[in-house]
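Descriptive analysis of the structure
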Amino acid sequence: MNKSSVVKNEKYVVDIIDNGFEGEGIAKIDGLTVFVPGSIKGEKCEILIVKVLASHAYGKIVNIIEKSENRKESDCATYKRCGGCSLRHMTYESTLKLKRQVVQNLVNKGLTKKVEVLETIGMENPYNYRNKAQYPVGLNSEGQPEVGVFAQRTHTIIPIQTCLIQTEISQKIAKTILNFVKEKNIQVYNEENQKGLLRHIVIKVGKYTNQVMCILVVNDSKFNQEQELVKLLCEKYPEIKTIVKNINNKTNKIKVTDKVKVLRHNYKTRLYEFVTPNDNNIVSLKETDIICNLGDENNFPTVDIYTEYGLGKILDINNNVIPTNNTLSLFANLLDLKLDGLFRN
């Protein structure tokens, strides 16, 4: 194919013939695949080519000439800038069909005997379901502290407004921490010079108990106002049962490290409480109840497992952190249980 047949910064009218695994629309121009975020299969769009590579190109929508019946107005004010969601321009029912088709295409790759993927089971209420929130903290264009989410493919922070997928309490806690930072004139992290204290706020909410864990990711182990902040958070939000300080002075993109200090710990949870934002991964709750009952009857120390954070930690009865490369396996071995009997991969 002639390299000049698709030209950067030129406009084209295309038919969207499919959607990719991230929801992006797919078109063809003279045989070249063009990915068009925000478009839906069946639509006709005028697009602007923003990048051309040897095997494919990228375009952005200039005008939707023929709209899909599956298109809807986004219900999020920052959707087009935020990198957290990619399908809010589609009806929920159509996203379920898209996800099924994505899985269908993947599982049948290379299979001689094809299989049929069942319909995607949707949520009764597809809002505020994401129980883990990771908020970067930094400076806005005016040099003022800000907390929110990264804009797509950038480290520009979009301030928290109302996120429809994060829990409401995680957003409130993050805003409270931001106000405390401003009031106490605490320096937030600056990526350009690697200076400043607070880098990220990580909040996780237990699905069944609504208990909250808050992680403060800081650039230095010295945080003079940490106990004052702990007191404020626990008084204002009694749901908070654990607050952890995570020290991360690395310049890479890793959000949390293995350097942790537990600032507050006062709750007992079940093994499955913080495992996943979607409880469909639970095969049987009976086994986990047995674990917790064992602890109750024999005064067994409460164990906290937060593998989704990458911390790889458990706490002993004295709240000392016990490092391990495989926390779940260690816990299972302690109780002489088979891990594969608890969770489905």
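Residues numbered from 1 in each chain as written. Predicted model: local features only at pLDDT ≥ 70, side-chain atom pairs only at ≥ 80, totals over all residues. Heavy atoms only, no water.

**Thoughts on the sheet that holds strand S12 (residues 240-247)**
The seven strands lie next to each other as S9-S8-S7-S10-S11-S12-S13, forming an open sheet whose pairing is mixed. The strands lining the two open edges of the sheet, one partner per strand, are strand S9 (157-159) and strand S13 (260-265). Averaged over all neighbouring strand pairs, the angle between strand axes comes to 30°, with direction disregarded. Its contacts with the sheet place helix H2 (residues 168-183) against strand S7 (132-139), strand S8 (145-150), strand S10 (198-205), strand S11 (212-218) and S12, and it is angled at close to 150° to S10. (Pairing = 2+ DSSP bridges. Helix = DSSP H or I, 4+ residues; strand = E, 2+ residues; numbered from the N terminus. Axes fitted to C-alpha atoms, helices over the stretch in contact; angles between N-to-C directions. Contact = heavy atoms within 4.5 Å.)

**Looking at the side chain of Arg100**
Along the chain, Arg100 falls in helix H1 (residues 92-107). For Arg100, a relative accessible area of 15% puts it in the buried group. Once residues lying within four places of it in the same chain are set aside, the contact partners of Arg100 are Glu116, Val117, Leu118, Glu119 and Thr120. (Buried < 20%, exposed > 50% of the residue type's maximum accessible area, 1.4 Å probe, protein only.)

**Structural notes on the pattern of salt bridges**
The final tally for this structure, using the stated rule, is ten salt bridges. In this structure, the salt-bridge partner of Arg71 is Glu43, at a minimum N-O distance of 2.7 Å. Of this pair, Arg71 sits in the loop between strand S6 (56-66) and H1 while Glu43 sits in the loop between strand S4 (32-36) and strand S5 (44-52), placing them 28 residues apart in sequence. Relative accessible area serves as the criterion here: at 1%, Glu43 is assigned to the buried category. Of the charged contacts, one joins Glu119 and Arg100 as a salt bridge, the two residues approaching to 3.7 Å between their closest N and O atoms. (Salt bridge = Lys/Arg side-chain N within 4 Å of Asp/Glu carboxyl O.)

**Description of the packing of aromatic side chains**
What describes a pair of aromatic rings is the distance from one ring centre to the other and the angle between the planes of the rings. This structure, assessed with the given rule, holds one aromatic pair. For the pair Phe35 and Tyr58, a centre-to-centre distance of 5.8 Å together with 35° between the ring planes defines the contact as tilted. Residue Phe35 is located in strand S4, and its partner Tyr58 is located in strand S6; the two are separated by 23 residues in the primary sequence. For Tyr58, a relative accessible area of 32% corresponds to the partly exposed category. Across from the ring centre of Tyr189, 4.0 Å away, lies the NZ or CZ of Arg199, which sits over that ring. (Phe/Tyr/Trp six-rings, centres within 6.5 Å; stacked < 30°, edge-to-face > 60°. Lys NZ or Arg CZ within 6 Å of the ring centre and 35° of its normal.)

**Description of unusual backbone geometry**
At Asp30, a residue that is not glycine, the phi angle is positive and equals roughly 50°. Considering the arrangement of structural elements, one finds Asp30 in the loop between strand S3 (25-29) and S4. A positive phi angle, near 50°, is found at Asn128, a position not held by glycine. Positionally, Asn128 belongs in the loop between H1 and S7.

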